[in-house]
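The chain contents come next:
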Amino acid sequence: MKTIKLFILVLSLVPLVVLSQNETEQEAIKKVIQSAYVDGLQNKGPVADIEKGFHPGFELLGIKNNELTKFPIYSWIMYHQKRLAENPNPPTAEELVTCKFPLIDITGNAAMVKIELFKGGNILFTDYLSLYKFEEGWQIVSKIYFRHEQK
């Protein structure tokens, strides 16, 4: 009887351990996205943070004139560096981009994250970021997006 009770107790704790691991991974993913993408690319952060959070094979995918476009991370970083050279000042409160995380879905070493980017309280983009967990940690490997109309 003691063995059965112990077995039931152990089984009841398994979901808590799995949930705790998932929450830890979600926080790690949020940290990468916040540091590399939001604070880095969107808010003129350090290139080293961007390079750490984005895999070198990353591509931003979009649609222009009914054609699929691809923008690799090295091109985005060059654009970022140009922006910094033109104006090294950090963004003002009105220029600051913020982020919400409506969805983080993790399966093993793969994750899909839906984020919403805001500036001045207005939604700019809804992004869908794909990440893989490498030995070095989570990295963003691709992005598709929707640009919201500004009124």
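Placed above this text is the structure.
Everything in this summary refers to the structure shown in the same document. None of the values given here were measured: they were computed from a predicted structure.

With 14 residues, helix α3 (residues 73-86) should cover 20 Å at 1.5 Å per step; its first-to-last C-alpha distance of 20 Å lies within 8% of that length. Considered for burial, the residues of α3 that qualify are I73, W76, I77 and H80. Projected onto a plane normal to the axis of α3, the buried residues spread over an arc of 100° and lie on a single side. Opposite the buried face of α3, by more than 90 degrees, sit the exposed residues Y74, M78, K82, A85 and E86.

The next thing to look at is the environment of K133. Assignment of secondary structure puts K133 in strand β5 (residues 122-134). Taking relative accessible area as the criterion, K133 reaches 35% and is therefore assigned partly exposed. In sequence terms K133 and I29 are 104 residues apart; their C-alpha atoms lie 9.2 Å from each other. In this view, K133 contacts E25, N109 and W138; residues no more than four positions away in its chain are not counted.

Once that is clear, we can look at the layout of surface pockets. When its volume is computed, the largest pocket comes out at roughly 550 Å³. In this structure, the largest pocket is lined by 20 residues; those nearest its centre are Q42, W76, Y79, R83 and F125. Among the elements of the structure, α1 (2-42), α3, β5 and β6 (137-147) are those that each provide at least two residues to the lining of the largest pocket. Looking at the second largest pocket, the residues that line it are A28, K31, V32, S35, A36, D49, K52, G53, E136, G137, W138 and Q139. When contributions to the lining of the second largest pocket are tallied by element, the ones reaching two or more residues are α1, α2 (47-53) and β6. No other element matches α1, which puts five residues into the lining of the second largest pocket.

Right, let's talk about the nonpolar core for a bit. Among the nonpolar cores identified, the biggest contains 29 residues, and I29, I33, Y37, F54, L131 and I140 are the most heavily contacted of them. Looking at this core, the element that brings in the most residues is α1, giving seven residues. Beyond its immediate chain neighbours, meaning those up to four positions away, I140 contacts V32, I33, Y37, G53, F54, H55, F58, L129, S130 and L131.

Reading the values: rules and limits
Residues numbered from 1 in each chain as written. Predicted model: local features only at pLDDT ≥ 70, side-chain atom pairs only at ≥ 80, totals over all residues. Heavy atoms only, no water. Helix = DSSP H or I, 4+ residues; strand = E, 2+ residues; numbered from the N terminus. Expected span 1.5 Å × (residues − 1). Buried < 20%, exposed > 50% of the residue type's maximum accessible area, 1.4 Å probe, protein only. Arc of directions from axis to C-beta. Contact = heavy atoms within 4.5 Å. 1 Å grid on protein atoms, 1.4 Å probe; cavity = no way out; pocket = protein on both sides within 12 Å on 5 of 7 lines; lining within 4 Å. Points joined across faces, edges and corners; volume = space filled by probe spheres on them. Core = buried A, V, L, I, M, F, W, Y, C linked by side-chain atoms within 4.5 Å.

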